[in-house]
Amino acid sequence: MTHRQRVQLFLLLTPVTVFLGVFFLIPLGTIAVYSLLTPGLYGGVEWSFYHWNYGRIFGWADGITEVFEPVYLHILLRSLGLAAATVAICLVLCYPVAFWVAGLAPRWRMLFLFLITLPFFASLIVRLYAWLLLLKPSGLLNTVLMGLGVITEPLDILYTPVAVILGMVYIFLPFMFLPLFASIDTLDRSLIEASGDLGARPVQTLLKVVLPMTVPGIVAGGVIVFIPAVGNFIVPDVLGGAKGLMTGNLIEQQFLSSRNWPFGSALAMVIMALVLGVLLVFSNRARRAGGRT
Amino acid sequence: MPGPLLEIRAARRSFTTPEGRDFAALDGIDLRVEDGEFVTLLGPSGCGKTTLLRAIAGFEQIDDGVIRLDGADIGPLPPHRRPVNTVFQSYALFPHMSVARNVGYALEVRGVARKSREAAVTEALAKVGLAQFGARRPAQLSGGQRQRVALARAIVAQPRLLLLDEPLSALDRNLRQQMQIELKDLQNRLGIAFVFVTHDQEEALTMSDRIVVMRAGRIEQAGPPREIFRAPKSRFVAEFIGETNLLPAVVRATVGGMAELSLEGGQVLHARADSLRPGAKVVAVLRPTDLAPAEQGLAGIVRRVIYLGADLHLRVEPEGGGGEIGVILRDAGRVPAQGERIVLGYDPARVHVMEAGA
Amino acid sequence: MKTTLICALPFILGAATAHAEETLAIYNWGDYINPEVLTKFTQETGIRVTLDTYSANEEMLAKVQQGGTGYDIVFPSVWMEDIMLKLGLLERTDIDTAADFGNIDPQFQRAKGDPEGHYCLPYAWGTVGIFYNEDVTGPITGWADFFAIPGRTGKKITLLDDMREVLGMGLIMTGAPVNATDPGQIQAAAQYVISHKKDVTAFTYESMPLLVSGDIAAAHYFVGGNMYAVDHPNIKYIIPEEGATMYQEDICVLKDAPNKAAARKFMEFYLTPEIAALNVAQQFNGTPNRPANELTPDFIKSNPNINVQGDTMARLQIFEDLGPALKAYDRAWNAIRTAQ
């Protein structure tokens, strides 16, 4: 490479580098460094090395400086579980709908896609409070169901895990739908016909052709839903009554009322590592399933 | 005598266009295909040939009529329960599977054991000359190779009937001609009946046992290639199958199986034809290749000469008037000059006469 | 920015000639000041006010510690004021020398680092007690009654989603001070809360609308919730007989405040009893301004649970900074939240 070429390459890559640096590496680096420092008494950090933040989570705490509490791992795993459940339900709900929409006439499809993105125009908090009003015992859902005579006693959904799942699925549905739709929409319909033509029952066609062919959309949707779902704590707070602690709450609490920034950073690093691990395993499996011969 | 392999009676299918108009893609189709027969559905786009093929495969339901295969009504059956396989225009190979798995797919979904599946796949691939390509992905093959994989995939389960939807249209001219021959050979060897859809008359003439010319949802004419070419029943068929001269005429007299026709410009044309009523208005069909300079025949002035290598195309204005006549000379000893008078001879047996207005 | 300035120019020109362009940047809790107070301040002084809000003392501290916020005035809780004084983040204002400073009840000069009032001005205070729907529960007097509601009536109750408040209640019920640093006491308090968790429907700040709509029967909430009780006579507020927590925020000026003179003017302005009373009328909380108490609406003045007097005052405890003991609270709160 000549000097000139090197300069050109440098100039070409500069925007990318700056972008990644500003929006990704610097914040991540800050959290990584903070997670290994001593907590300041009034928040912030003291600049001395301190590994107990991780010890407290994973079990090498000495019991004096810091105490090991398995509860943190439990909370992390529960967050992963909730996120996984959200992904699964979103996928099951979106898949057939995406198929249906992909088959619509262009103008109806545009309308539907517009409707799907409509919730983004309102604030998340406002939408969740709307759900609170819907689900509460004297809320619209119960009023309607009781009015129709479907139930005689109000359904006690608010502040239960059902409400949390409902809320999570609600807010993440569009994130699943859009990549899934993009993938299904570009699926060559003649492949489905070919499969049926060759004698495959609809279920076989779904499993052997349609699912493998839409793996990219499933993976993209899954990732886009899973990552923010792991850190979400607003839904468990607003609709779940904050009775179960989620990773997001735990981290927020460390940066606010508990004033332990390094521990919050360590928790954030661990959850990031876990998410990354899950995603790697997941996408590897998916790739292999999609690419099986 | 056993019935036909495929029998379609009074099949109708209409669609509603986006503008809300009803449009009959199939407007009363009657068709029989015998075992081992190569039948081509030929027609311009929108004539209903693809809809008919898809109705046989089960991708489209007919609104009215019957489709029988080996005597059994298959109309209500979904595609996967019809013993019929399709070669798609786009090939529709599964891109996420190897060539071998593509070919073995029909056996895989039927639960055929791996061993016998592999044997059948090897055999099918050998039949299309791709024995070494089983491990590749469709994306790693050329267009012609994909075409053969699609064929192998469609025949591996030994269907009673193979449907081919313009399978050669994506290939270049040379490859297409080669594949036409290979396809016909393969069909002969397999003994499976083929229903082949195309809009290319040359393809239809080359391969078919029988050609079914379709127009606007109806069958215009069905018969062996030679009959379709030589004795079109209508102006549409005549014009669709190859270049042709359509000469309006009036029957003057018929003598012993020979008719004397008077053309618009007053010249006389002889045709071998029975049962023509004197005074009837007819159209004489005369292929450009059936005309050649001679002592006797139709006289005219050469208006244009187009040299095309092997062929020489002439446009001749008949004496006394009438539309120009196209002539194709295969082996022109002497090239006629523009403006020169020429007399075009013909064999009356090769003049086909059909009723005017057909 | 430029366009707004140009457009606004003809309107502010008159004001600008009378007063030099003076501004005041206030950083306060959300919904913690009557907007009319700010309007009146601008009307009287010509000082333009901007208002930003926070939802936690720690959030405010983190931002202020960064520096360069441009804020003049903050409203820390008393314990946070002590931290900020220790960290040298607050400006000495000598507000105690203001003419009206005598209006302030000295018992509210609670900051340990500022007993004389050289720095901050006591702003407002309030209690955290129990709201209940009397139609459903009948009269109740304290925490024991509160936790008995679900078993007795089948109706729901909620606690605040706040570590210190919930553990503070637990400490009160187990006979410990709300600022206990003894791990045993903190654990006992957590155990008390955990033993009642099954009866608690939710930990939430959004309980008042649910209480009014009848979806819950009682809620742990701030005295400010009385703004709902005005129109719903069945909604009552009590300061539990076993004891309760109170909060107090003071008006403080930041060391790096750009408009210290304007900030001092605002403090003097807020010493006016009518202004303090105007704030109380909208906020439904207490004021350290003695004459202001006499000027508040009847609903507030006549309610001993809002306008708290001596003997009730004795049942109240205020939070202090816990220092390193905070970690034990964090642990206890996690145990409460994750208890099944």
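Residues numbered from 1 in each chain as written. Chains lettered and ligands numbered in written order. Predicted model: local features only at pLDDT ≥ 70, side-chain atom pairs only at ≥ 80, totals over all residues. Heavy atoms only, no water.

In the nomenclature of an unreviewed UniProt entry, chain B is known as Spermidine/putrescine import ATP-binding protein PotA of Paenirhodobacter populi. UniProt annotates chain B under Function (unreviewed entry) with the comment "Part of the ABC transporter complex PotABCD involved in spermidine/putrescine import. Responsible for energy coupling to the transport system." Heading Sequence similarities (unreviewed entry) of the UniProt record for chain B holds this comment: "Belongs to the ABC transporter superfamily. Spermidine/putrescine importer (TC 3.A.1.11.1) family." (UniProt positions renumbered as here; feature names shortened; annotations may be inferred.)

Looking at an unreviewed UniProt entry, chain A carries the name ABC transporter permease, with the source organism given as Paenirhodobacter populi. UniProt annotates chain A under Subcellular location (unreviewed entry) with the comment "Cell membrane".

Tell me about the overall build of chain A, and name the residues and values.
Along chain A, the regular secondary structure elements total 13 helices and two strands. C-alpha atoms of chain A, sized along the principal axes, occupy 75 × 70 × 35 Å. In chain A, buried positions account for 45% of the 293 residues. In chain A, the proportion of contacts linking residues at least 24 apart, taken out of those at least 6 apart, comes to 64%. (Helix = DSSP H or I, 4+ residues; strand = E, 2+ residues; numbered from the N terminus. Buried < 20%, exposed > 50% of the residue type's maximum accessible area, 1.4 Å probe, protein only. Contact = heavy atoms within 4.5 Å.)

Can you tell me about the interface of chain A and chain B, naming the residues and giving the values?
Quite often, the size of an interface is put as the accessible area lost when its parts meet. On the side of chain B, 26 residues touch chain A, which itself brings 23 residues to the contact. Taken together, the two surfaces of chain A and chain B that pack against each other cover about 2000 Å², and 56% of this comes from carbon and sulfur. The largest contributions to the chain A side of the interface with chain B come from A:Asp197, A:Leu198 and A:Lys208, which together make up 35% of the buried area. Our enumeration of links across chain A and chain B arrives at two salt bridges. Residues belonging to the side of chain A that touches chain B are distributed by class as follows: eight nonpolar, nine polar and six charged. (Buried area = accessible area lost by both parts, 1.4 Å probe. Salt bridge = Lys/Arg side-chain N within 4 Å of Asp/Glu carboxyl O. Nonpolar A, V, L, I, M, F, W, Y, C, P; charged D, E, K, R; others polar.)

Report on the pattern of salt bridges, specifying residues and quantitative values.
Applying the stated rule across the entire model yields 44 salt bridges over all chains. A salt bridge links B:Arg215 to B:Glu220; its shortest N-O distance comes to 3.5 Å. On the basis of relative accessible area, B:Arg215 is assigned to the partly exposed category, the value being 39%. Exposure remark for B:Glu220: the relative accessible area of 24% places this residue in the partly exposed category. The salt bridge involving C:Lys198 is made with C:Asp199; its shortest N-O contact spans 3.6 Å. By relative accessible area, which is 69% here, C:Lys198 ends up exposed. What you see here is one network of salt bridges that share partners, running through A:Arg56, A:Glu66, A:Glu69, C:Lys327, C:Asp330 and C:Arg331.

Describe a nonpolar patch on the surface, and please don't skip the residues or the numbers.
All names here are of chain A. On the surface, a nonpolar cluster with roughly 1100 Å² of combined accessible area is contributed by Leu9, Leu12, Leu13, Val16, Val18, Phe19, Leu20, Val22, Phe23, Phe24 and Leu25. Within the secondary structure, Leu12 sits in helix H1 (residues 3-34). What makes Leu12 exposed here is its relative accessible area of 62%. (Patch = residues over 30% accessible without salt bridge, like charges linked within 9 Å, V, L, I, M, F, W, Y side chains within 5 Å. Areas by Shrake-Rupley, 256 points an atom, 1.4 Å probe, with all protein chains shown as cover.)

Would you mind going over the domain arrangement of chain B in detail, with residue names and values included?
Residue and element names in this part refer to chain B. You can read the domains of chain B as domain 1 (6-239) and domain 2 (243-355). Centre-to-centre separation of domain 1 and domain 2, based on C-alpha positions: 38 Å. Buried surface at the junction of domain 1 and domain 2, summed over both partners, amounts to about 850 Å²; 52% is from carbon and sulfur atoms. For the domain 1 face of the interface with domain 2, the top three residues by lost area are Arg230, Arg235 and Ala238, together amounting to 56%. Counting every contact that joins domain 1 to domain 2 gives one salt bridge. The salt bridge partner of Arg230 is Asp290, with a shortest N-O separation of 2.6 Å. Where domain 1 touches domain 2, the interface holds three residue pairs in polar contact (both at pLDDT 80 or more). Those elements that place two or more of their residues in the side of domain 1 that touches domain 2 are helix H7 (225-230) and helix H8 (235-240). Here the side of domain 1 that touches domain 2 is composed, by residue class, of five nonpolar, one polar and four charged. (Domains from an automatic or database assignment. Polar contact = N/O pair within 3.5 Å; in protein donor to acceptor, adjacent residues only side chain to side chain.)

Lay out the interface of chain C and chain A with the relevant residues and their values.
Each partner contributes to the interface: chain C provides 35 residues, whereas chain A provides 37 residues. Each partner contributes to the roughly 2900 Å² buried at the junction of chain C and chain A, and carbon and sulfur atoms together form 52% of this total. Between chain C and chain A we count seven salt bridges in total. Put simply, C:Arg331 and A:Glu69 hold a salt bridge, and the shortest N to O gap is 3.3 Å. Run the count over chain C and chain A and you get 18 residue pairs in polar contact (both at pLDDT 80 or more). Elements with a contribution of two residues or more to the side of chain C that touches chain A: helix H3 (57-66), helix H4 (78-86), strand E6 (200-203) and helix H16 (326-338) of chain C. Per-element accounting of the side of chain C that touches chain A gives the leading share, eight residues, to H16(C). Class assignment for the residues of the side of chain C that touches chain A results in 14 nonpolar, eight polar and 13 charged.

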